[in-house]
Amino acid sequence: MLDAKSAFDVVKHSSLIRKLFHMGLTPQEILMIDDLYKNASVRQGDTLSGDLYKVYVNDLLNEICNTGFGGNIGTINCSAPTCADDLTITSNSQFEAQILVNIANDYSKKESYIKQPTKSVILPIQTNTNTHNDVTLLMDEREMPTVDKTTHIGIQRSNFCITTSDPKIVQKLPPRVKIVTGYILQSQRAKYNSNVVDLTCQLCQKGEETISHILLTCDTLEYVIKPILERIVLTASRIFSENHRVNNIELLRLICDPYNYCINNNDQIWDNVSKILEPQCRK
């Protein structure tokens, strides 16, 4: 996981404008963005900042993807999952990972921002057959530290599983949905819009469009969601009830944070949640 020092603050303005032009934005749109940001780089937290930063680093992501190195899901390259300035490189090969780190580091120098070797970390992931604890990666000839947990896009990752257990995770999910998909739920639009917003679900036209509705009760999505929910409930019942740990399970909470029910750090429960339940919830 690669850390950029004050990444938003050092975006090269002329380079950003050039990339917006090559994306096909109209002259009027480019002039508007130029006027908004010409004296402030890309301000972290602004409405457009995340999207502008994605434009800024998209060349890097394409270059990494085009190598063919790194992690894949089937035929889809997933070597650099990224949200704004949170860049992760995934690979089963130390050789390939080092090449991708070098590409990212060279790009940062070309674009005049700094990758920090001491804050960029290696997170070896435990699998059923192996844990790559002996990986060594260099950035600017300095060895990157190896850790057993770190934070990526606001979620704590470990070398074993995702361990959030955040009591407010359900409330935090809608903005994370927006970050990942670009879609804003109608209920979220209403919170931040001075105009009247129709809260009705845009898919089924029934009920208020909340995260609970989308995941649990939307009629249009029922044929997709129902079999997944049934598997989740069955799996959770087996994992938790057999260990006599949990009596009442809230389904929405379970989907958002299955680790919330891993009480007393029972190793067997954690193992079952990580390998069986959590992948089902992420669907």
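A quick note: this is a predicted structure, and the numbers were derived from the prediction, not measured.

About the criteria used
- Residues numbered from 1 in each chain as written.
- Predicted model: local features only at pLDDT ≥ 70, side-chain atom pairs only at ≥ 80, totals over all residues.
- Heavy atoms only, no water.
- Core = buried A, V, L, I, M, F, W, Y, C linked by side-chain atoms within 4.5 Å.
- Buried < 20%, exposed > 50% of the residue type's maximum accessible area, 1.4 Å probe, protein only.
- Helix = DSSP H or I, 4+ residues; strand = E, 2+ residues; numbered from the N terminus.
- Contact = heavy atoms within 4.5 Å.
- Phe/Tyr/Trp six-rings, centres within 6.5 Å; stacked < 30°, edge-to-face > 60°.
- Lys NZ or Arg CZ within 6 Å of the ring centre and 35° of its normal.
- Patch = residues over 30% accessible without salt bridge, like charges linked within 9 Å, V, L, I, M, F, W, Y side chains within 5 Å.
- Areas by Shrake-Rupley, 256 points an atom, 1.4 Å probe, with all protein chains shown as cover.
- Salt bridge = Lys/Arg side-chain N within 4 Å of Asp/Glu carboxyl O.

**Comments concerning the nonpolar core**
If you look at the biggest cluster of nonpolar residues, it comprises 31 residues, and the most contacted ones within it are Leu2, Leu20, Leu60 and Tyr113. For this core, the secondary-structure elements that each account for two or more residues are helix H1 (13-23), helix H2 (27-37), helix H3 (49-66) and helix H4 (94-110). By residue number, the principal contributor to this core is H3, which donates seven residues. Leu229, Phe240, Ile255 and Val273 belong to the second-largest nonpolar core, a separate cluster that totals 17 residues.

**What to know about the side chain of Asn105**
Within the fold, Asn105 resides in helix H4. Judged by relative accessible area, Asn105 falls into the buried class, the value being 6%. In this view, Asn105 contacts Lys115, Met139 and Asp140; residues no more than four positions away in its chain are not counted.

**With respect to the packing of aromatic side chains**
Geometry of an aromatic ring pair is reported as the spacing of the ring centres plus the angle between the planes. Taken as a whole and judged by the stated rule, the model has two aromatic pairs. For the pair Tyr53 and Tyr56, a centre-to-centre distance of 6.2 Å together with 45° between the ring planes defines the contact as tilted. Taken as a pair, Tyr53 and Tyr56 lie in helix H3 at a separation of three residues, close to a single helical turn. Side by side, Tyr53 and Tyr56 carry an identical accessibility label, which is buried. Here the guanidinium or amino end of Lys19 rests over the ring plane of Tyr56, the centre of that ring lying 4.6 Å away.

**Some points on a nonpolar patch on the surface**
A contiguous nonpolar surface patch, about 260 Å² in accessible area, is contributed by Met32, Leu36 and Leu48. Secondary-structure assignment places Met32 in helix H2.

Worth remembering: the numbers are spatial, not functional.
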